[in-house]
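Structural overview for review
Here is what each chain is made of, one letter per residue.
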Amino acid sequence: MRKTVRKKVSAEEAVSHIADNAMVAVNSSSGLCCPDAVLAAIGNRFDETGAPRNLTTIHPIAAGDFFGTKGVDHIAKPGCLSRIIGGSYPSGPTKAEPPKIWQMIVANDVKAYNVPSGIVFDMLREGAGQRPGVLTKVGMETFVDPDLEGCAMNDAARAEPIVEHQHFDGEDWLYFRSLRPDVVIIRATTADENGNLGFEGEGAYLGAMEMALSAHNCGGIVIAQVRRIAQKGSIRPHDVHVPGVLVDFVVEEPDMLQTTATPYDPAISGELIRPLDSFSIPEFGVPKVIARRVAQELKSGWAVNIGFGVSANVPRIFLEEGRHGAVTWMIEQGAVGGIPLLDFKFGCASNAEAFVTSPHQFAYFQAGGFDCSLLSFLEIDADGSVNVSRLSATPHRTAGAGGFVDITTRARKIVFSGTFNAGARMHLDDGRLIIDKEGHTAKFVEAVDQVSFSGKRAQAQGQSATYVTERCVIELREAGLTVTEIAPGIDLQRDILARAATRLHVADDLKPMDAALFQPGLIGLEVWPWSLTSGIASRVWQ
């Protein structure tokens, strides 16, 4: 039934409708689209009245950051928050004080789960459709699998499992029950007087529509934080991304950051196309060498997912080499094309060709509909498995898995990149890599601390995995991790084999890495045409 009462209310009044024991879902990605004023009002209400208590919050992608948007930390209070289901969590520098949510997780003060972002969206979608849950292959043989950790981040969560094995239609699946939130909190740019929402000043939609449906269809409420309110009928129908029939309360908050540490940038929201020469090019150095070598793995015409870390610089390599546009970059927040931004503005892109919703983007990723993914690593083990989601000593350094597991489950080709070990000091001299001081921690280990990507499953599915470091290139082959290329100035035994804490094989045709990578000039990047015989039409995934 169409709602006949539309309210513009204060944040305080909006959150007064959140009951104890409510399930609250938040549409956000760090600072991007984060409804921070509403989250702050929940925390303030709890401090003043002791309510709402025992909330479960759902975050497909993290809410908040280290740079002006507290997000989930507003409600990370014992008594207020009892359970959290997150695809990712706020992360930041090692020496920074951990966010309050991480302090609660480590202290077992909250049941905490790290569920792949795409699966969280799937769980909400199934709840919106009044269906029981999600059957998926995403996460099998990783920390998501109940045979390993079952997504639990602490002992409190392990006591209440969130995922189980199910056998259906002759196959084994992971099963997640649907999520049916009592409250959804989203953010947009403009609401009209009927509550129709436009996102013209945002850098993504994320899952706003899908999440609003999940609350509305389950009898819950939808709270929208917006920058401004306009007269009814003033937003063009094609520009409404959440219709007012789904929105219960509108909170006007003119002073909100567009994304992490950014008040407003029209290129992020697609309102302005930046000149290509306005983008910074990475300085010559070891990280640039790695990004250049990753760039050499790609082919013209490919759709390429890109993740946080060294590989985020690859689009800038293409730009410098005059190859911008040869491939289309895809990020999980929903931007297609353009140039993904760096550091903690990652998740946004300038000059995007399109914005799609994150649930649609994840459906694309989960089914392997793209050509290649460029991702980082923390650790790699003997069978090629990768840990990107947990650092036990400093857990707030990582955001958790985010969309990593969704993306890698069926990706045909994955290029992982990072330094060979942690803490090494190096420089480049006359085309040679010089190691001034070796690192203190091996990244190639016998067994990773957490399995974010399963090398064994990848080999069984015929996936291609390559690991690019500053001193060598390694491929996952039938025999195991195999060194295929070596940097100039590097000794195979001393600098590679002896510095790995697990066995590395050496290819019979071991060759030097391209010498141009280690020189300050252009490398003459060749982006060879994509061939249909290597594309999606020739692959059948199990």
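On to the side chain of Arg-457. In this fold, Arg-457 is placed in helix H11 (residues 455-461). Setting aside anything within four residues of it in sequence, one finds Arg-457 in contact with Lys-137, Met-140, Glu-141 and Gln-463.

Here helix H4 (residues 117-128) spans 17 Å end to end across 12 residues, near enough to the 16 Å set by a 1.5 Å rise per residue. Burial in H4 covers these residues: Ser-117, Gly-118, Ile-119, Val-120, Phe-121, Asp-122, Met-123, Leu-124, Glu-126, Gly-127 and Ala-128. Within two residues after H4, Gln-130 carries a phi angle of roughly 55°, on the positive side.

Our next topic: the confidence of the model for the protein. With 96% of its residues at a pLDDT of 70 or more, the protein has an overall mean of 94. Low pLDDT, under 50, characterises residues 1-5; the stretch is placed with 6 contacts to residues that sit more than four places away or in other chains. Considering only residues more than four positions removed or in separate chains, one finds that residues 532-542, a stretch of pLDDT under 50, has 21 contacts.

This part is about empty space enclosed by the protein. The method is simple in principle: a probe with the dimensions of a water molecule rolls over the atoms, and the space it marks as empty is what remains. One pass over the full model with this rule turns up 2 cavities of 30 Å³ or more. In this structure, the largest cavity occupies an estimated 90 Å³ of space. Considering the residues around the largest cavity, the lining is formed by 14 residues, among which Thr-142, Thr-408, Thr-409, Ser-454 and Arg-457 are closest to the centre. Among the elements of the structure, helix H10 (404-408) and H11 are those that each provide at least two residues to the lining of the largest cavity. In terms of residues, the lining of the largest cavity owes the most to one element, H11, which gives 3 residues. The computed volume of the second largest cavity comes to approximately 40 Å³. Lining the second largest cavity, in full, are His-59, Ala-62, Ala-63, Val-72, Ile-84, Gly-86, Ser-88, Tyr-89 and Pro-90.

Another aspect to go through is the nonpolar core. Judged by nonpolar contacts, the single largest core of 113 residues is most densely connected at Val-115, Phe-176, Leu-197, Leu-298, Phe-318, Phe-416 and Tyr-467. At 6 residues, helix H7 (residues 286-295) tops the list of elements feeding residues into this core. When residues no more than four places from it in sequence are discounted, the contact partners of Tyr-467 are Ile-380, Gly-384, Val-386, Phe-416, Phe-453, Cys-472, Val-473, Ile-474, Glu-475, Leu-476 and Leu-481. Among the nonpolar cores identified, the runner-up in size contains 35 residues, and Val-38, Ala-76, Ile-101 and Ile-185 belong to it.

Centre distance and the angle of the planes are the two values used to describe a pair of aromatic rings. One pass over the full model with this rule turns up 15 aromatic pairs. Between Phe-318 and Trp-329, the aromatic rings sit 5.4 Å apart at their centres with planes inclined by 90°, giving edge-to-face as the arrangement. Of the two residues, Phe-318 sits in helix H8 (residues 314-320) while Trp-329 sits in strand S15 (residues 328-330), which places them 11 residues apart along the sequence. The residues Phe-318 and Trp-329 share a single accessibility class, namely buried. Residues Tyr-364 and Phe-370 carry aromatic rings whose centres are separated by 6.1 Å and whose planes lie at 45° to one another, so their mutual orientation is tilted. Among the residues examined, Phe-370 registers a relative accessible area of 0% and is labelled buried. Here the aromatic cluster, defined as three or more aromatic residues joined through ring pairs, consists of Phe-121, Phe-362, Tyr-364, Phe-365 and Phe-370. Seen from the ring of Trp-173, Lys-137 lies directly overhead, with NZ or CZ sitting 4.5 Å from the centre.

Our focus in this paragraph is a nonpolar patch on the surface. A grouping of Phe-67, Phe-308 and Phe-344 is seen on the molecular surface, where their side chains present a nonpolar patch of about 270 Å² in accessible area. On the basis of relative accessibility, which here comes to 31%, the residue Phe-344 falls in the partly exposed class.

So, about the environment of Ser-392. Secondary-structure assignment places Ser-392 in the loop between strand S22 (386-387) and H10. Along the backbone, Ser-392 and Gln-493 are 101 residues apart, and their C-alpha atoms lie at a distance of 30 Å. A distance of 2.7 Å separates polar atoms of two side chains, one belonging to Ser-392 and the other to Asp-449.

Turning next to the sheet that holds strand S7 (residues 163-168). In space, the 3 strands of this open sheet follow the order S6-S8-S7, with antiparallel pairing throughout. Pairing within the sheet leaves two strands with one partner each, and these edge strands are strand S6 (133-136) and S7. Recorded for the sheet is a direction-independent mean angle of 35° between the axes of neighbouring strands. Where S7 meets strand S8 (residues 171-177), 6 bridges bridge the pair, whose relative direction is antiparallel. For His-165, the partnering residue across the bridge sits in S8 and is Leu-174. With respect to the sheet, H4 is in contact with S6 and S8, its orientation differing from that of S6 by roughly 140°.

Calculation notes
- Residues numbered from 1 in each chain as written.
- Predicted model: local features only at pLDDT ≥ 70, side-chain atom pairs only at ≥ 80, totals over all residues.
- Heavy atoms only, no water.
- Helix = DSSP H or I, 4+ residues; strand = E, 2+ residues; numbered from the N terminus.
- Contact = heavy atoms within 4.5 Å.
- Expected span 1.5 Å × (residues − 1).
- Buried < 20%, exposed > 50% of the residue type's maximum accessible area, 1.4 Å probe, protein only.
- pLDDT = per-residue confidence, 0-100.
- 1 Å grid on protein atoms, 1.4 Å probe; cavity = no way out; pocket = protein on both sides within 12 Å on 5 of 7 lines; lining within 4 Å.
- Points joined across faces, edges and corners; volume = space filled by probe spheres on them.
- Core = buried A, V, L, I, M, F, W, Y, C linked by side-chain atoms within 4.5 Å.
- Phe/Tyr/Trp six-rings, centres within 6.5 Å; stacked < 30°, edge-to-face > 60°.
- Lys NZ or Arg CZ within 6 Å of the ring centre and 35° of its normal.
- Patch = residues over 30% accessible without salt bridge, like charges linked within 9 Å, V, L, I, M, F, W, Y side chains within 5 Å.
- Areas by Shrake-Rupley, 256 points an atom, 1.4 Å probe, with all protein chains shown as cover.
- Salt bridge = Lys/Arg side-chain N within 4 Å of Asp/Glu carboxyl O.
- Polar contact = N/O pair within 3.5 Å; in protein donor to acceptor, adjacent residues only side chain to side chain.
- Pairing = 2+ DSSP bridges.
- Axes fitted to C-alpha atoms, helices over the stretch in contact; angles between N-to-C directions.

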